[in-house]
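Chain by chain, the residues:
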Amino acid sequence: MRYTYASLLLLWIATLGAGCSKMLDQPSKRALTEENMWQNKNDARAATYGCYGLLRAALVNENAHWVYGDMRGGDFQVTRRSDLQALTDNNLNASFATMDQWRDWRRFYAAINQCNVTIEKLPEVTKRDYRYSVNDMELDRSQVRFLRAFLYYYIVRIWGDVPLVTSVPNGNFTPVPRENWQKVLDFAIQEAQAAAYGLPWKYDGRSPEQQGDYQGQGEGHHTNISATRGMAHTLLAHLYAWKGDYTNALLHTRTVIDNQGLTGYNFVSTADLTRLDGSFRGRGLSNIFQVDMNFDHAEFSTTGQLEDWTLRAPDIPKSESEIYVPKDSILGIYSEANDQRATMFFSQLNDAFPVFYKMKQVNSAVKNPTLRFYSSAIIIFRYEELYLLQAECKARLGIADAIGDLNSIRTRRGLKALPGNPSADALLDAIFLERRRELIGEGWYWYDLVHFNKVAQFTGLSQQDVNNGAVYWPLSKSALASNSALVQNNFWK
């Protein structure tokens with residue numbers, strides 16, 4: 001792992017230098033040159049891992065994953081921090097150092113650039129190292145294509161139209177305009193389809209796409225982390241759903257669910273979802289795709305995960321959490337009797353500031369009383385969310401058993417099954433509410449507000465604001481200054 005991350009840092013420096021000729025006035029004497037990088041199997045492995053590493057860096061930077069996915073929706077309230085209050089107020093032009101970070105998409109494009117370089121260069125390694133087979137190379141490239149597709153899906157939901165960069169710069173930076181978000185997602189669909197074709201269902205050595213122990217590790221090492229065919233089809237379902245193509249979205253949810261015998265994916269109990277070393281520790285079969293933080297591999301942090309904002313004493317040495325969900329909101333969201341999530345997602349409900357307790361992966365191996373290290377995975381896709389997406393697709397297409405998929409989640413959380421034959425609007429409202437209950441704090445709520453057209457109903461933004469582009473983030477000043485072809489989002493001009 002130390003070798004991998006050292007290689008990653010060197011490779012990142014080298015590739016960024018290649019794309020931005022003005023970045024450095026003097027050539028680095030320590031950066032790994034491009035000619036020396038792509039020589040052997042270890043270089044190929046480091047490059048592939050680099051794509052995963054840069055994705056993680058983009059998501060955990062200043063808690064970005066939750067900032068984009070949860071904080072603007074209003075379920076979480078702020079105790080004292082002014083920058084977080086600006087977030088919940090949707091004042092995204094506010095002048096804070098953290099806000100500058102959240103407005104800036106450079107970390108995502110660093111990951112995309114790494115994917116572009118890796119996709120282009122991996123075939124060269126097979127010619128230089130006989131140990132790196134064409135089979136290994138195609139598997140690595142398929143993973144990276146999945147990651148590139150996911151990255152574009154992710155940033156389109158944040159900024160709307162974005163530059164579509166699919167190749168490696170040749171040494172000179174050329175201004176790249178923003179591309180229509182639908183075209184960007186069409187490219188992501190193309191990439192995810194190609195990835196699905198080249199990926200195995202599992203890394204168990206039983207498929208032609210993956211033979212033997214992949215990268216010297218058994219199946220358990222790769223579970224939920226290394227890209228699989230199930231991940232690719234789940235991503236495709238979301239890409240089509242974001243475009244409003246529910247027929248194709250449903251095709252891909254069914255592909256994953258109907259192949260449960262190959263994927264191993266399954267539902268998780270409320271207790272296993274929330275317990276220490278449960279789903280948010282990672283590797284559970286209810287997780288489809290996660291960004292891992294493994295303490296055993298020295299992958300942990302004191303910041304960058306939601307627990308740093310939601311927990312307080314006695315779990316961590318902090319008297320007050322930064323954010324919380326008010327008791328009235330909890331009672332409103334979990335208003336039906338016997339909902340297990342009300343008491344298992346939250347603690348200290350009678351306090352003025354209840355504690356969001358759904359994620360609490362605080363590592364007890366660290367004994368320093370002034371520090372706590374978090375090792376919770378960022379769960380991107382999980383099985384319950386996929387079922388709720390399938391229920392939505394069926395509801396929008398008028399397919400009768402949509403309510404059955406919805407009830408599959410409700411009954412597992414202690415609720416009664418809803419009776420059949422609700423109106424289409426009532427069913428979609430029920431699915432939206434169930435997503436709000438089940439996925440709170442997992443980075444979905446803001447995107448669900450946008451997707452279900454409920455931003456004006458649940459936030460301080462008006463429908464006119466929404467129509468004018470307020471759902472998207474503004475572009476950073478640095479992005480606008482460095483790329484003359486960019487234009488600011490309308491609402492934030």
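Please read these numbers as outputs of a predicted model, since none were measured by experiment. Every chain begins its residue count from 1, and numbering advances along the sequence as written. At least 70 in pLDDT is required for a residue's local features to be given in this predicted model, at least 80 for side-chain atom pairs to be given and counted, and no such filter applies to totals for whole chains, interfaces and linings, which use all residues. To get the side-chain values, all heavy atoms of the structure are used, and hydrogens and water are removed first.

Enquirer: Could you give me a rundown of helix 11 (residues 229-243), with the residues and numbers involved?
Expert: Taking 1.5 Å per residue as the helical rise, helix 11 with its 15 residues ought to reach 21 Å, and the 21 Å between its terminal C-alpha atoms agrees with that figure. Only protein chains enter the area calculation, which uses a 1.4 Å probe; residues under 20% of their type maximum are buried, those over 50% are exposed, and those in between are partly exposed. Counting from the N terminus, the helices are the DSSP runs of H or I reaching at least four residues and the strands are the DSSP runs of E reaching at least two. Burial analysis of helix 11 places 14 of its 15 residues in the buried class, the great majority of the element. Downstream of helix 11 by one or two residues, Gly244 has phi in the positive range, about 85°. Multiplying 1.5 Å by the helix residue count minus one yields the expected span of that helix.

Enquirer: Got a sec to walk through unusual backbone geometry? Specific residues and values, please.
Expert: In this structure, Pro314 follows Ala313 across a cis peptide bond, with omega equal to 10°. Position of Pro314 relative to the elements: it lies in the loop between helix 15 (307-310) and strand 5 (323-324). Its identity as a non-glycine residue notwithstanding, Asp277 has a phi of 65°, on the positive side. When you line up the elements, Asp277 lands in the loop between helix 14 (270-274) and strand 4 (287-291). Here Asp277 falls in the partly exposed class, since its relative accessible area comes to 47%.

Enquirer: Account for empty space enclosed by the protein, naming residues and giving values.
Expert: Buried and open spaces are told apart on a 1 Å grid over the protein atoms alone, a cavity being a set of points where a 1.4 Å probe fits but cannot get out and a pocket being an open set with protein on both sides within 12 Å along at least five of seven lines. Residues with an atom within 4 Å of a point are the lining residues. Grid points are joined across faces, edges and corners, and a volume is the space filled by probe spheres set on the points. Counted according to the given criterion, the structure contains six cavities of 30 Å³ or more. Lining the second largest cavity are 14 residues, with His238, Trp242, Trp444, Asp448 and His451 sitting closest to its centre. For the lining of the second largest cavity, the secondary structure elements donating two or more residues are helix 8 (134-159), helix 11, helix 18 (383-397) and helix 21 (445-451). Taken together, the residues of the lining of the second largest cavity break down into seven nonpolar, two polar and five charged. Residues are grouped as follows: nonpolar covers Ala, Val, Leu, Ile, Met, Phe, Trp, Tyr, Cys and Pro; charged covers Asp, Glu, Lys and Arg; every other residue, Gly included, is treated as polar.

Enquirer: Can you lay out the nonpolar core for me, pointing to particular residues and giving the numbers?
Expert: In this structure, Tyr68, Trp102, Phe146, Trp159 and Trp473 are the most contacted members of the largest nonpolar core, which totals 129 residues. The greatest single-element share of this core, amounting to 14 residues, is contributed by helix 8. It only takes one pair of heavy atoms within 4.5 Å for two residues to be counted as in contact. When residues no more than four places from it in sequence are discounted, the contact partners of Phe146 are Ala195, Leu199, Ala227, Met231, Ala232, Leu235 and Phe289. Within this scheme, the nonpolar core is defined by two criteria: the residues are buried Ala, Val, Leu, Ile, Met, Phe, Trp, Tyr or Cys, and they are joined through side-chain atoms within 4.5 Å. Core analysis: the second largest hydrophobic core is formed by nine residues, Met37, Ala47, Tyr132 and Met137 among them.

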